[in-house]
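Residue-level structural notes
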Amino acid sequence: MSEKLSFVNPTANSPWGTYLSQVDRVVPYLGPLARWVETLKRPKRALIVDVPIEMDDGTIAHFEGYRVQHNMSRGPGKGGVRFHPDVTLEEVMALSAWMTIKTAAVNLPYGGAKGGIRVDPKKLSLQELEKVTRRYTSEIGIIIGPHTDIPAPDVNTNAQIMAWMMDTYSMNVGGTATGVVTGKPLHLGGSLGRVKATGRGVFVTGREAARRLGMDLRGARIAVQGFGNVGSVAAELFAEAGAKIVAVQDHTGTIVNTNGLDLSKLIPIANKEGVVAFKAGGDIVPNEDFWNVACDILIPAALEGQITAERAQKTTAKLVLEGANGPTVPTADDILAERGVLVVPDVICNAGGVTVSYFEWVQDFSSFFWDEDEINVRLDRIMMNALNQIWDTADKHKITLRTATYAVACERILMARQERGLYP
Ligand code: NAD
């Protein structure tokens with residue numbers, strides 16, 4: 001169990017501490033709404049659950065799970081579920097808070113939530129994975145629902161896991177509640193375009209940022225950390241636009257090719273064995289060298305806290321696209337700003353996933369499904385509108401895109417809080 005349970009005392013350099021300092025930075029731009037800012041500094045509700053299952057060998061294992069609903073002022077909670085051996089309550093709190101900011105930044109009618117189980121799914125059989133998923137879903141079933149809190153995939157969770165979650169919730173309520181989770185398989189109320197949505201959003205915001213910087217994507221050198229759903233899709237779209245993917249790092253290691261890695265060969269291998277198995281396609285280098293690779297664009301798309309102050313000093317990138325949630329610690333953020341490196345922050349850069357999740361939820365309720373072109377046109381429009389508004393705010397106050405995103409989002413959330421009033 002997480003050792004620090006306090007909502008207000010973060011562990012040093014933790015994701016929750018990072019989030020709190022991001023909120024502190026926005027206070028000067030909130031005007032009279034600043035009186036409500038404490039609302040954002042603590043989750044509305046945090047549930048810790050025990051997930052006991054019988055393992056294939058007959059032993060009983062217990063895993064710890066969480067669901068945190070950070071804020072629901074603007075609508076139901078929304079946010080993924082992460083299966084990872086390092087998951088803590090404090091991490092889930094931060095991830096849920098970033099969802100609150102993100103859904104408001106792109107103006108979706110949601111609040112923010114997140115869930116997780118401290119488990120290494122790679123060590124579970126398929127049956128054990130299903131049991132963990134179903135028991136966890138049943139335990140958090142008291143607070144999730146199509147109108148209250150809607151989970152989705154995150155690190156190490158996928159459409160199959162969402163199908164089990166939807167089925168378990170549906171069994172418990174006695175019906176078929178497709179709208180309780182998003183990121184489902186297509187024939188179970190999933191949406192076209194959802195799998196690629198987050199990577200696509202990273203590409204759309206990155207392309208616009210590059211245009212504004214006067215950077216030609218043709219020949220631009222890109223380093224990508226994390227080559228899963230987000231990183232590999234973003235890399236593919238940038239490569240299609242003429243960029244060269246010169247370095248990729250995942251949990252197996254780092255591979256570099258200054259002429260550009262051949263993604264059509266790398267992706268199938270990376271999906272199965274990890275990028276280091278692609279030996280013939282580039283040089284395998286020590287992980288820390290990833291941060292020195294000469295590049296124009298850096299895409300952190302793995303876990304939080306990856307861009308430290310030291311790595312921010314080293315990078316040669318002029319543009320950082322935060323595919324992951326919380327990849328840059330606050331001290332590194334300051335260094336990047338001082339060095340003139342533009343950061344498109346997570347809360348807008350990776351909002352494509354939750355945007356298409358929203359489309360999926362809307363389609364589930366209306367039982368009318370859109371084609372992929374319609375999804376992508378609407379996604380691009382929402383992302384571009386949000387980014388342009390954030391850019392205008394950044395220009396107006398001469399602040400970073402991150403602080404501007406927080407300013408736009410926090411104003412919407414706190415205005416809703418104020419208009420709803422404080423109960424009782
Ligand atoms: P994923 O499980 O598909 O992929 C994660 C990738 O990170 C894998 O390539 C893995 O090997 C790599 N990785 C794990 N630990 C690493 C380490 N220590 N060093 C380097 N690489 C490591 O997950 P994903 O869905 O692509 O999510 C990646 C990030 O994007 C997370 O921060 C997640 O919260 C965020 N995100 C995901 C979505 C989504 O729709 N999937 C939406 C918004 C944000």
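Just so we're clear, the structure is a prediction, and the values are computed from it rather than from any experiment. (Residues numbered from 1 in each chain as written. Predicted model: local features only at pLDDT ≥ 70, side-chain atom pairs only at ≥ 80, totals over all residues. Heavy atoms only, no water.)

**Quick word on the overall build of the protein chain**
Convention followed: Only DSSP runs of H or I covering at least 4 residues are called helices, and only runs of E covering at least 2 are called strands; the numbering of each starts at the N terminus. For this measure, only C-alpha atoms enter the radius of gyration; the expected value for a globule follows 2.2 Å times N^0.38, where N is the number of residues. Only protein chains enter the calculation, and the probe is 1.4 Å; a residue is then buried if its accessible area is under 20% of its type maximum, exposed if over 50%, and partly exposed in between. Contacts are assigned to residue pairs with any non-hydrogen atoms lying within 4.5 Å of each other. Shrake-Rupley sampling with a 1.4 Å probe provides the accessible areas, and residues are treated as covered by the protein chains on show and by no other component.
The secondary structure content of the protein chain amounts to 13 helices and 12 strands. For the protein chain, whose C-alpha radius of gyration is 20 Å, the value lies close to the compact-globule estimate of 22 Å for 424 residues. Considering only C-alpha atoms, the protein chain reaches an extent of 55 × 55 × 45 Å along its principal axes. Looking at the protein chain as a whole, 59% of its 424 residues qualify as buried. If you take every contact in the protein chain between residues at least 6 apart in sequence, the share linking residues at least 24 apart comes to 69%. In the form shown here, the protein chain has an accessible surface area of approximately 17200 Å², with 52% of it arising from carbon and sulfur atoms.

**Observations concerning the site of the ligand**
Going by this rule: Throughout, near means a residue has at least one heavy atom within 4 Å of the molecule or strand. Pairing of N or O atoms within 3.5 Å defines a polar contact, subject to two protein rules: one partner must be a possible hydrogen donor and the other a possible acceptor, and residues neighboring in sequence count only if both atoms are side-chain atoms. For this classification, the nonpolar set comprises Ala, Val, Leu, Ile, Met, Phe, Trp, Tyr, Cys and Pro, the charged set comprises Asp, Glu, Lys and Arg, and every other residue, Gly included, is treated as polar. Domain borders in the structure are assigned automatically or taken from a domain database.
Around the ligand, a shell composed of 22 residues is seen, among which Asp154, Thr198, Phe227, His251 and Asn325 lie nearest. A distance of 2.7 Å separates an oxygen atom of the ligand from a polar side-chain atom of threonine 198. A distance of 3.4 Å separates an oxygen atom of the ligand from a polar backbone atom of glycine 323. Protein chains bury 83% of the 830 Å² of accessible surface belonging to the ligand in isolation. Of all the secondary-structure elements, those providing two or more residues to the shell around the ligand are α5 (194-213), α6 (229-240) and β7 (244-250). Tallied by class, the residues present in the shell around the ligand amount to seven nonpolar, 11 polar and four charged. When we break the shell around the ligand down by domain, the ones giving at least three residues each are domain 1 (41-176) and domain 2 (197-344).

**Quick look at the pattern of salt bridges**
Defined as follows: Whenever a carboxyl oxygen of Asp or Glu lies within 4 Å of a side-chain nitrogen of Lys or Arg, that contact is scored as a salt bridge.
What the rule picks out here adds up to 30 salt bridges. Put simply, glutamate 236 and lysine 196 hold a salt bridge, and the shortest N to O gap is 3.9 Å. Of this pair, glutamate 236 sits in helix α6 while lysine 196 sits in helix α5; the two residues are 40 residues apart in sequence, bridging distant segments of the chain. Under the relative-accessibility criterion, lysine 196 is labelled partly exposed at 44%. We note a salt bridge from aspartate 296 to arginine 221, for which the minimum N-O separation is 3.1 Å. With aspartate 296 in the loop between β9 (283-285) and β10 (297-300) and arginine 221 in strand β6 (residues 221-225), this pair connects stretches of sequence that are 75 residues apart. For aspartate 296, a relative accessible area of 11% puts it in the buried group. According to the relative accessible area criterion, arginine 221 is partly exposed, its value standing at 28%.

**Some points on the domain arrangement of the protein chain**
Interface size is often expressed as the accessible area that is lost when the parts come together. Annotation of the protein chain at the domain level lists domain 1 (41-176) and domain 2 (197-344). Look at where the C-alpha atoms of domain 1 and domain 2 centre, and you get two points 28 Å apart. Contact residues are listed per partner, giving 10 residues for domain 1 and six residues for domain 2. At the surface where domain 1 touches domain 2, the tally comes to one salt bridge. One salt bridge in this structure joins glutamate 304 and arginine 82, with 3.1 Å as the shortest N-O distance. Where domain 1 meets domain 2, there are two residue pairs in polar contact (both at pLDDT 80 or more). Among the secondary structure elements, those contributing two or more residues to the side of domain 1 that touches domain 2 are β3 (77-84) and α2 (89-105). No other element matches α2, which puts four residues into the side of domain 1 that touches domain 2. Taken together, the residues of the side of domain 1 that touches domain 2 break down into three nonpolar, one polar and six charged.

**What to know about the packing of helix α1 (residues 15-26) against helix α13 (residues 401-420)**
Quick note on the threshold: Each axis is a line fitted through C-alpha atoms, and for a helix only the stretch in contact is used; angles between axes span 0 to 180 degrees, taken between their N-to-C directions. With respect to orientation, any angle under 35 degrees is reported as roughly parallel, any angle over 145 as roughly antiparallel, any angle of 65 to 115 as roughly perpendicular, and every other angle as oblique.
Where α1 contacts α13, the axes come no closer than 9 Å and their chain directions differ by 75°. By the criterion of interaxial angle, the relationship of α1 to α13 is roughly perpendicular. When α1 is examined against α13, the residues Tyr19, Gln22, Val23, Arg25 and Val26 are found in contact with a partner set consisting of Arg402, Thr403, Tyr406, Ala407 and Cys410.

**Overview of the sheet that holds strand β12 (residues 342-344)**
Spelled out, the test is: We treat two strands as partners when DSSP finds at least two bridges between them.
Taken together, seven strands build an open sheet; the order of strands is β9-β8-β7-β6-β10-β11-β12 and the sheet is mixed. Each edge of the sheet is formed by a strand with only one pairing partner; in this case those strands are β9 and β12. The mean inter-strand angle of the sheet, taken between neighbouring strand axes irrespective of direction, is 20°. Of the pairings in the sheet, the one linking β7 to strand β8 (residues 253-256) comprises four bridges and is antiparallel in character. Along β8, the bridge assignment pairs glutamine 249 with threonine 254.

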